[in-house]
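Structural overview
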Amino acid sequence: QVQLVESGGGLVQPGGSLRLSCAASGSMFSIYVMGWYRQAPGKQRELVARISHSSSTNYADSVKGRFTISRDNAKNTVYLQMNSLKSEDTAVYYCNCEAWGADYWGQGTQVTVSS
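This section reports on the structure supplied with the text. (Residues numbered from 1 in each chain as written. Predicted model: local features only at pLDDT ≥ 70, side-chain atom pairs only at ≥ 80, totals over all residues. Heavy atoms only, no water.)

1. Focus on a nonpolar patch on the surface
Residues Met28, Ile31 and Trp100 make up a contiguous nonpolar surface patch of about 340 Å² in total accessible area. By the element assignment, Trp100 lies in the loop between strand 9 (91-99) and strand 10 (102-105). (Patch = residues over 30% accessible without salt bridge, like charges linked within 9 Å, V, L, I, M, F, W, Y side chains within 5 Å. Areas by Shrake-Rupley, 256 points an atom, 1.4 Å probe, with all protein chains shown as cover. Salt bridge = Lys/Arg side-chain N within 4 Å of Asp/Glu carboxyl O. Helix = DSSP H or I, 4+ residues; strand = E, 2+ residues; numbered from the N terminus.)

2. Things to note about the packing of aromatic side chains
Applying the stated criterion across every chain yields a total of 3 aromatic pairs. Relative to Tyr32, the ring of Phe29 has its centre 6.0 Å away and its plane inclined at 75 degrees; by these criteria the two rings are edge-to-face. Accessibility expressed as a relative area gives 2% for Tyr32, which makes it buried. For the ring pair Tyr32 and Trp100, a centre distance of 5.5 Å and an interplane angle of 80 degrees mean the geometry is edge-to-face. Taken together, the residues Tyr32 in the loop between strand 3 (18-24) and strand 4 (33-39) and Trp100 in the loop between strand 9 and strand 10 connect sequence positions 68 residues apart. (Phe/Tyr/Trp six-rings, centres within 6.5 Å; stacked < 30°, edge-to-face > 60°. Buried < 20%, exposed > 50% of the residue type's maximum accessible area, 1.4 Å probe, protein only.)

3. Here's the deal with the pairing of strand 9
With respect to burial, strand 9 is a largely interior element, 7 of its 9 residues being buried. One ladder, built from 7 bridges, connects strand 4 with strand 9; its direction is antiparallel. Within strand 9, the residue paired with Arg38 across the bridge is Tyr93. As judged from the 4 bridges shared by strand 9 and strand 10, these two strands associate in the antiparallel manner. Each bridged residue has a counterpart across the sheet, and for Ala99 the counterpart in strand 10 is Ala102. Counted between consecutive antiparallel strands, the loop separating strand 9 from strand 10 contains 2 residues, among which Trp100 sits at a positive phi close to 50 degrees. (Pairing = 2+ DSSP bridges.)

4. What to know about the side chain of Arg71
Assignment of secondary structure puts Arg71 in strand 7 (residues 67-72). No salt bridge is formed by the buried Arg71, whose closest oppositely charged neighbour, Asp72, lies at an N-O distance of 8.5 Å. There is a polar contact of 2.7 Å between the side chain of Arg71 and the backbone oxygen of Phe29. Engagement of the side chain of Arg71 in a polar contact is seen with the side chain of Asn73, the distance being 3.0 Å. Excluding anything up to four places from it in sequence, Arg71 contacts Phe29, Ser30, Tyr32, Met34, Ile51, Ser52, His53, Ser55, Thr77 and Val78. (Lys, Arg positive; Asp, Glu negative; His and termini not counted. Polar contact = N/O pair within 3.5 Å; in protein donor to acceptor, adjacent residues only side chain to side chain. Contact = heavy atoms within 4.5 Å.)

Structure representation (structure tokens):
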């Protein structure tokens, strides 16, 4: 069982930045595949960014060049740096962990981009 706790969401103006953090439990964090997903009202949950145990990354086309996913294995934490935020980035953001064939999810953190 892996527990995930997100933080860092909030209200930001268009063009602004936010950094989300996700702290994971367990001693095997370095081998987990970690990701960030988001779900906007009335829409399906979608992948935003993903980082492997070797720190290779992939991003949704809609966030490439604006968002950066990273991990700190010493702190059992994955980050999502979000720059040049747009109103369409408004959603609940969820941290995801893939470990031993199972998916684990955080509780979600709201990101609202509005003037």
